[in-house]
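Letter by letter, the chains look like this.
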Amino acid sequence: MDSLLRHMVDMTGHRDHTMLDISVISAVQELSGAARTRVLAIASVGGQYFVRSRACIHAGGVACPEEPQDNGPGEPIALYPELEACLRRHDMRAESEGADGLRRLWLPIWFGDKADTCLEIMHADPFTPEALYMVNGIVSVYRNFQNLLDYSERDSLTGLLNRKTFDDQLARMLHASETDASSHGQAERRQSSGAEKQWLAVVDVDHFKGVNDRFGHLYGDEVLILIANLLQSSFRAQDRVFRFGGEEFVVLLRSTNLDNARCIIDRFRADVESHDFPQVGQVTVSIGFTSVSAADSPVITLGHADQALYYAKAHGRNRVCYYEELVEGGLLQTVAVNDTAEFF
């Protein structure tokens, strides 16, 4: 009982989804004696569902978050037929036995009729009623607290992450870039391949005030909701999408090269352009993006993307502009003023 209470206190003491994931699998692992426990993210891409491990702990090990190993959305859910059937039926749990002799218990975290998170528990023996009762109690606390975090971190209209969460995520991304750059070998590899970086894109809906003026704010809100849906379906599972306020959105793209980043961003722009918005018709977006560097502060990084966005809006709209390319081409000039701000 003391151990259970300690884990409950630990779980409810976090204000961060990653640490909440770590806490719940640590509690389940210790209290159930599982061989492995994972938090799985469930995502829909193009009408197909995929499963990706978000955090994992093995028996005798330490829980840690898991980053995607490639740019894909994860494993097709068809590889987990019992879980797929469980989600289709809106069941509370599913069980199976693998070729390795280990039993798997899946516990989807339902919010209404949607589950985008699931606990997976692997055990050598069948789960006893007592163990299931205890684990279900932990899952209930996890679900309730995850709901509270979502309420504080997400925009109420679109369901996207909000500005406060963006500040935290960008700070972490900059810290991760700094950690990578501090490794001499890693720095050399990145310079020679010029390859994978982190990216920040700012998206602005073109002529949005005209939409509100012509059709009213209800249709304007619907446009924002539909664009938020297109953002979520166009970008990858490991990317982060935020509503910054009004008609402006921000995307953090993880670990990809310039060509891929440009392709992903422009694909979203084209998706918006070709979408038929009810009553309104065609809507377009302008986008500016920049690479995320540990040498720059969050203010400077966001400022670079903003400048590229302003250039896109001043030169025809419905286009994607890359800050560093504009500077190299002499189309933007940067004058450094101090360590925290720049004027253009």
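Right above here is the structure, for reference.
Fair warning: this is a prediction, and the values are worked out from it, not measured in the lab.

Conventions we followed
- Residues numbered from 1 in each chain as written.
- Predicted model: local features only at pLDDT ≥ 70, side-chain atom pairs only at ≥ 80, totals over all residues.
- Heavy atoms only, no water.
- Buried < 20%, exposed > 50% of the residue type's maximum accessible area, 1.4 Å probe, protein only.
- Helix = DSSP H or I, 4+ residues; strand = E, 2+ residues; numbered from the N terminus.
- Pairing = 2+ DSSP bridges.
- Core = buried A, V, L, I, M, F, W, Y, C linked by side-chain atoms within 4.5 Å.
- Contact = heavy atoms within 4.5 Å.

A few words on the pairing of strand β10 (residues 248-256). Of all nine residues making up β10, eight are buried, and the element is well covered by its neighbours. When strand β8 (residues 197-205) meets β10, the two strands line up antiparallel, connected through seven bridges. Following the sheet pairing, Lys-197 is matched in β10 by Thr-256. Looking at chain direction, strand β9 (residues 240-245) and β10 are connected through five bridges and run antiparallel. Residue pairing in the sheet places Arg-240 in a bridge with Leu-252 of β10. Hairpin remark: β9 followed by β10, antiparallel, with two residues in the connecting loop; positive phi at Gly-246, about 60 degrees.

Take Gln-146: it is sitting in helix α4 (residues 129-153). The class for Gln-146 is buried, based on a relative accessible area of 3%.

Glancing now at the nonpolar core. Ranked by internal contacts, the top residues of the largest apolar core, which has 32 residues, are Ile-227, Leu-231, Leu-253 and Phe-268. The element contributing the most residues to this core is helix α8 (residues 217-234), with six residues. Excluding residues within four positions of it along the chain, Phe-268 makes contact with Val-203, Ile-227, Leu-230, Leu-231, Ser-234, Phe-235, Val-285 and Ile-287. Formed by 24 residues, the second largest nonpolar core is a distinct cluster that contains Ile-22, Ile-25, Leu-105 and Tyr-142.

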